[in-house]
Amino acid sequence: MTWTVAPEPYDSPVAAALWRAYYTEVSDRYYLLHEGRPTDPGELEREIAAHSGADLVPPRGLLLVARYGGEPAGTSGVRLRDDATAELTRVFLYERMRGRGGAALLVRAAEDAARALGASRMVLDTRGDLVEARALYARLGYTETEAYKEGPYAEHWFVKRLPHAA
């Protein structure tokens, strides 16, 4: 089986299914940790609708979908914050697809997309309880940095220089 990564419209059925799975997982994880319950279904639907991914379109963004053996497996997104800085978002793999190198592949593909958009650095934020994500980013050369934005779930901020290939 092989991996492929390609751009995907943010509103395609594949992208929508991946976004729902991503948001359900990180939301349930948060509420189970902090409130001992899964996400309220109504709240989940409101948040999914409110964060459609409409900013992940050219010329200032891109949504990428990874497929493993042709099957949708995960996603990553990139959007320009300014002419030199891109933000990494929506890094996710279905649980059954983890441990096969797909997460690193998605992050590297997002870095390539950011370079193509003209960015020379990538930033991201994540929560403290998402220890697997923080370990992935550190392994891929991201370093913790000062907060570049505020948000209720932003607890750790990372940055990485994106040198252009010679």
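Residues numbered from 1 in each chain as written. Predicted model: local features only at pLDDT ≥ 70, side-chain atom pairs only at ≥ 80, totals over all residues. Heavy atoms only, no water.

**Some words on the packing of aromatic side chains**
- Summed over all chains, the structure comprises nine aromatic pairs.
- Measuring from centroid to centroid gives 5.3 Å for Trp-19 and Tyr-23, while their planes differ by 55°, and the two rings are tilted. Of this pair, Trp-19 and Tyr-23 both sit in helix H1 (residues 13-35), four residues apart, which is roughly one turn of that helix.
- Its relative accessible area of 13% is what places Tyr-23 among the buried residues.
- Between the aromatic rings of Tyr-30 and Tyr-31, the centroid separation amounts to 5.4 Å while the plane-to-plane angle is 90°, which identifies the pairing as edge-to-face. Take Tyr-30 and Tyr-31: they sit in the same class, and that class is buried.
- One aromatic cluster is present, built from ring pairs that chain together Trp-19, Tyr-22, Tyr-23, Phe-92 and Tyr-94.
- Here the basic side chain of Arg-37 rests over the ring of Tyr-31, its NZ or CZ set 4.3 Å away from the ring centre.
- Seen from the ring of Tyr-94, Arg-96 lies directly overhead, with NZ or CZ sitting 4.6 Å from the centre. (Phe/Tyr/Trp six-rings, centres within 6.5 Å; stacked < 30°, edge-to-face > 60°. Helix = DSSP H or I, 4+ residues; strand = E, 2+ residues; numbered from the N terminus. Buried < 20%, exposed > 50% of the residue type's maximum accessible area, 1.4 Å probe, protein only. Lys NZ or Arg CZ within 6 Å of the ring centre and 35° of its normal.)

**Some points on the packing of H1 against helix H2 (residues 41-50)**
- At their nearest, the axes of H1 and H2 sit 10 Å apart, and the two run at 130° to each other. The pairing of H1 with H2 is recorded here as oblique in orientation. Every pair of crossing elements has a handedness; the one defined by H1 and H2 is right-handed. Counting all contacts with H1, which are made through Trp-19, Arg-20, Tyr-23, Thr-24, Ser-27 and Tyr-31, the residues of H2 involved are Glu-43, Leu-44, Glu-45, Glu-47 and Ile-48.
- Split by residue class, the contact of H1 with H2 holds five nonpolar, two polar and four charged. (Axes fitted to C-alpha atoms, helices over the stretch in contact; angles between N-to-C directions. Parallel < 35°, antiparallel > 145°, perpendicular 65-115°, else oblique. Left-handed = near helix turned anticlockwise from the far one by under 90°. Contact = heavy atoms within 4.5 Å. Nonpolar A, V, L, I, M, F, W, Y, C, P; charged D, E, K, R; others polar.)

**Side note on the layout of surface pockets**
- Computed from the structure, the largest pocket encloses a volume of approximately 1,300 Å³.
- Within the residue set of the lining of the largest pocket, elements represented by two or more residues are H1, H2, strand E4 (85-93), helix H3 (102-116), strand E5 (121-126) and helix H4 (131-139).
- Sort the elements by how many residues they give to the lining of the largest pocket and H1 lands first, with nine residues.
- Taken together, the residues of the lining of the largest pocket break down into 20 nonpolar, 10 polar and 16 charged. (1 Å grid on protein atoms, 1.4 Å probe; cavity = no way out; pocket = protein on both sides within 12 Å on 5 of 7 lines; lining within 4 Å. Points joined across faces, edges and corners; volume = space filled by probe spheres on them.)

**Re H1**
- Between the first and last C-alpha of H1 there are 31 Å, a value that for 23 residues agrees with the 33 Å anticipated at 1.5 Å per step.
- Listing the buried residues of H1 in full gives Ala-15, Leu-18, Trp-19, Tyr-22, Tyr-23, Val-26, Ser-27, Tyr-30 and Tyr-31.
- In this structure, the buried side of H1 is in contact with H2, strand E2 (61-68), strand E3 (71-80) and E4. (Expected span 1.5 Å × (residues − 1).)

**What about the pattern of salt bridges?**
- In this structure the tally under the stated criterion is 16 salt bridges.
- Among the ionic pairs, Glu-8 bridges to Arg-67, the shortest N-O distance being 3.4 Å. Of this pair, Glu-8 sits in the loop between strand E1 (3-7) and H1 while Arg-67 is found in strand E2, placing the two residues 59 residues apart along the sequence.
- By relative accessible area, which is 14% here, Glu-8 ends up buried.
- A salt bridge links Arg-20 to Glu-45; the nearest nitrogen and oxygen atoms lie 2.7 Å apart. Taken together, the residues Arg-20 in helix H1 and Glu-45 in helix H2 connect sequence positions 25 residues apart.
- By relative accessible area, which is 35% here, Arg-20 ends up partly exposed.
- Glu-45 sits in the partly exposed class, given a relative accessible area of 39%.
- In the salt-bridge network here, residues are joined through shared partners; they are Asp-55, Arg-79, Arg-81, Glu-87, Asp-125 and Lys-149. (Salt bridge = Lys/Arg side-chain N within 4 Å of Asp/Glu carboxyl O.)

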